[in-house]
Amino acid sequence: MKSKTSLYFLLFAMVALFLGMFFGLSASFQYILPEFIKEHLPFSKLRPFHVTSVISWIVLCATGCIYFFLAYVEKFRLFSPLFVKLHFIIFLLTGIAIYLSFLFDYTEGREYFAFSPILIVPILLGWILFGINYFKTLYKHVRGWPVYFWMWGTGIVFMCYHLLEAHFWLLDFFRLNFIKDFAVQWKSYGSFTGSWNMLVYGISIYLMSKIKKDSNVATNKIAFFFYFLGLANLMFGWAHHTYLLPTQPWIRYVAYAISMTEWIVLASIIYNWKRSVLKVEKENHPMAYRFLLSTDLWIFLNIILALLFSIPAINFFTHGTHITVAHSMGTTIGINTTILFSALFFVLHQIYSNFETDRKWVRRGFVSFNISLFFFWISLLVAGAKRSYWMYVSKSGLFSEMQDSLVPVYISFSIFGFGIIVSLLVVAFPIFKGLLLKMNTKKERFL
Ligand code: HEM
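Structural notes, computed from the coordinates.

About the thresholds
Residues numbered from 1 in each chain as written. Predicted model: local features only at pLDDT ≥ 70, side-chain atom pairs only at ≥ 80, totals over all residues. Heavy atoms only, no water. Helix = DSSP H or I, 4+ residues; strand = E, 2+ residues; numbered from the N terminus. Buried < 20%, exposed > 50% of the residue type's maximum accessible area, 1.4 Å probe, protein only. Contact = heavy atoms within 4.5 Å. Areas by Shrake-Rupley, 256 points an atom, 1.4 Å probe, with all protein chains shown as cover. Lys, Arg positive; Asp, Glu negative; His and termini not counted. Charge placed at Lys NZ, Arg CZ, Asp CG, Glu CD. Donors = N, O, S within 2.8 Å, 3.2 Å for Na, K, Ca; no water. Tetrahedral: all angles 85-135°; square planar, octahedral: opposite > 155°, others 65-115°. Axes fitted to C-alpha atoms, helices over the stretch in contact; angles between N-to-C directions. Parallel < 35°, antiparallel > 145°, perpendicular 65-115°, else oblique. Left-handed = near helix turned anticlockwise from the far one by under 90°. Nonpolar A, V, L, I, M, F, W, Y, C, P; charged D, E, K, R; others polar. Near = heavy atom within 4 Å. Polar contact = N/O pair within 3.5 Å; in protein donor to acceptor, adjacent residues only side chain to side chain. Salt bridge = Lys/Arg side-chain N within 4 Å of Asp/Glu carboxyl O. Patch = residues over 30% accessible without salt bridge, like charges linked within 9 Å, V, L, I, M, F, W, Y side chains within 5 Å. Phe/Tyr/Trp six-rings, centres within 6.5 Å; stacked < 30°, edge-to-face > 60°. Disulfide = S-S within 2.5 Å. Core = buried A, V, L, I, M, F, W, Y, C linked by side-chain atoms within 4.5 Å.

## Some words on the overall build of the protein
Scanning the protein from terminus to terminus reveals 17 helices and zero strands. Taken over the C-alpha atoms alone, the protein extends approximately 65 × 55 × 45 Å along its principal axes. Looking at the protein as a whole, 57% of its 447 residues are labelled buried. Restricting to contacts in the protein with at least 6 residues of sequence separation, those with at least 24 account for 81%. Accessible surface for the protein amounts to roughly 19,900 Å². Of this, 70% is attributable to carbon and sulfur atoms. One way to put it: in the protein the 37 positive side-chain charges average out to a point 11 Å from where the 19 negative ones average out.

## Describing the coordination of the iron atom of the ligand
Looking at the iron atom of the ligand, one finds its protein donor set to be His50 (NE2) and Met329 (SD), positioned 2.1 to 2.3 Å from the metal centre. Taken together, the six donor atoms surrounding the iron atom of the ligand define angles of 85 to 179 degrees at the centre, an arrangement classified as octahedral. In this pair, His50 is assigned in helix H2 (residues 43-73) and Met329 in helix H14 (residues 322-351), connecting sequence segments 279 residues apart. Owing to a relative accessible area of 17%, Met329 belongs among the buried residues under this scheme.

## Remarks on the packing of helix H7 (residues 178-211) against helix H9 (residues 221-236)
Where H7 contacts H9, the axes come no closer than 8 Å and their chain directions differ by 160 degrees. The angle between H7 and H9 places the two elements in the roughly antiparallel class. Crossing handedness for the pair H7 and H9: right-handed. Residues Ser191, Gly194, Ser195, Met198, Tyr201 and Ile205 of H7 form the contact with H9, whose participating residues are Phe226, Tyr227, Gly230, Leu231 and Leu234. Class assignment for the residues of the contact of H7 with H9 results in seven nonpolar, four polar and no charged.

## So, the site of the ligand
Around the ligand, the structure places 24 residues, and the nearest of them are Tyr31, Arg47, His50, Ser328 and Met329. Within the side chain of His322, an N or O atom sits 3.3 Å from an oxygen atom of the ligand. Among the elements of the structure, helix H1 (5-32), H2, H14 and helix H17 (407-439) are those that each provide at least two residues to the shell around the ligand. Taken together, the residues that form the shell around the ligand break down as 15 nonpolar, eight polar and one charged.

## Quick look at the pattern of salt bridges
Within this structure, the stated rule accounts for nine salt bridges. Put simply, Asp358 and Arg363 hold a salt bridge, and the shortest N to O gap is 3.1 Å. For Arg363, a relative accessible area of 33% puts it in the partly exposed group. Through salt bridges with shared partners, one network takes in Arg290, Asp358 and Arg363.

## So, the environment of Val422
Structurally, Val422 is set in helix H17. Expressed as a C-alpha distance, the spacing of Val422 and Phe375, which sit 47 residues apart in the sequence, is 15 Å.

## Structural notes on a nonpolar patch on the surface
Where nonpolar side chains cluster on the molecular surface, the patch consists of Ile89, Leu92, Leu93, Ile96, Leu100, Leu103, Phe104 and Tyr106 and spans about 770 Å² of accessible area. Mapped onto the elements of the fold, Tyr106 is located in the loop between helix H3 (81-103) and helix H4 (120-138).

## What about the packing of aromatic side chains?
Following the criterion strictly, the structure yields 61 aromatic pairs and no others. A ring pair is formed by Tyr206 and Phe346, whose centres lie 6.4 Å apart and whose planes are at 90 degrees; its orientation type is edge-to-face. Note that Tyr206 is positioned in helix H7 and Phe346 in helix H14, a separation of 140 residues in sequence. For Tyr206, a relative accessible area of 0% gives the class buried. With relative accessibility at 2%, the residue Phe346 sits in the buried group. Centre to centre, the rings of Phe291 and Phe366 are 4.9 Å apart; their planes meet at 80 degrees, and the pair counts as edge-to-face. Here Phe291 is found in helix H12 (residues 286-309), whereas its partner Phe366 is found in helix H15 (residues 360-394), with 75 residues between them in sequence.

## Notes on unusual backbone geometry
A positive phi angle, close to 60 degrees, is found at Lys75, a residue other than glycine. As for its position among the elements, Lys75 is in the loop between H2 and H3. For Lys75, a relative accessible area of 58% gives the class exposed. The backbone of Glu111 shows a phi angle near 40 degrees, a positive value even though the residue is not glycine. Tracing the backbone shows Glu111 in the loop between H3 and H4.

## Observations concerning the state of the cysteines
Summed over the entire model, instances satisfying the criterion amount to zero disulfides. Between Cys61, a free cysteine, and Cys65, which holds the nearest cysteine sulfur, the sulfur-to-sulfur gap is 4.2 Å. On the basis of relative accessible area, Cys65 is assigned to the buried category, the value being 0%.

## Re the nonpolar core
Judged by nonpolar contacts, the single largest core of 145 residues is most densely connected at Trp57, Phe69, Trp127, Trp152, Ile203 and Phe341. Take this core: its biggest share by element is 18 residues, from H2. Not counting residues up to four positions away in its chain, the partners in contact with Trp57 are Ala13, Met14, Ala16, Leu17, Thr337, Leu340, Phe341 and Leu344. Counting six residues, the second largest nonpolar core, distinct from the first, contains Trp390, Leu406, Val409 and Tyr410.

Take a look at the structure:
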């Protein structure tokens, strides 16, 4: 079979990432100059363009990696290569339809799925094709599955359910009761994140086990403990999204405790792996290795933030400020995106054993990415803290005065956001080049 569809998924994901970051940067300019391109693309449009594109980056890249690992690295014969092609075509066309839906204001959807709700139908269809293909391909090998196969399978199944759940509000039974509607909607968003985390964290364990050439990382008790913790998080970790609802406080505390422990366990798995990995193994995958180390650093920083704002007295002040945005971007960029870049470099090394990625510029891009992200994140925290101070402590001055005082912070946010984009462009350049070159070669067996 000569199809290269998994590589198309990866390219598509990278295009979504860079388009998404471009929208994010434009949105950040509007913090500083509210009139900037407002007539054509107001903040209310740029935000969904940005968020949908960057979430698509995570989901598409994880999907492409999983298809690639199964067919190319594990050498499984896929149940249906045709389904993979259909999956890609459906997602590509739906992606275009989502952009058109935003552009022409068909935005009757909600929050992270602001596009026209009908578009969830092809999205679900794509996931179902993925699920059938995945389980039909793997069920014969279920005995002794390493943890990443469980994680990917679980991620796919829960993704189907939670995408559906996020649209339950279309039914009167949910929509007509505010508490039910709100609870189900935000529960589904929390679990949607949990589902893609299953895919991405599964990829991180896969990478560690392959780089070290040691299956123990993915079959030992800690790895399975991590899986069950992740599953519990996926099912119950949404509770902190429903602060406004009259629920029992202990539900939130349990949810927070689970999500925090999940990170601690992943951080410790990466840390122990890092200590045991040999020099030669690092040298075989230098960039994949570095990105996994930076994942560890970002887990650590995000744990500190999350621990702080999970304290109810602090959460009261941070809720609805840029501190929450620092948490979402800190985790989706610092944790998800670093794991996925590690995976992209690993993929590149599978297709070209001698492809030189450890170049001076790529290393510099990697360092400046981490530095930019750090100051980007700090800018969001400062913006959040200042706003919270205005709202709850000083309680004086006009909103516009408070906004004006934030301009230097917003400028730093935009500058470091631009820094992230440029750094990732430098890092991604050899990956783009490698994938495109492979697209043009005819003979090899690919999925
Ligand atoms: C891999 C790259 C990125 C990812 C995964 C990402 C992810 C996200 C997510 C998930 C949100 C929603 C936050 C929430 O609802 O709490 C968000 C919002 C936002 N992002 Fe990003 N982002 C990325 C890069 C950037 C860059 C480079 C910029 C440019 C400065 C940027 C600017 C923004 C802005 C302005 C918002 C809206 C915040 C608000 O509602 O006030 N993002 N991003």
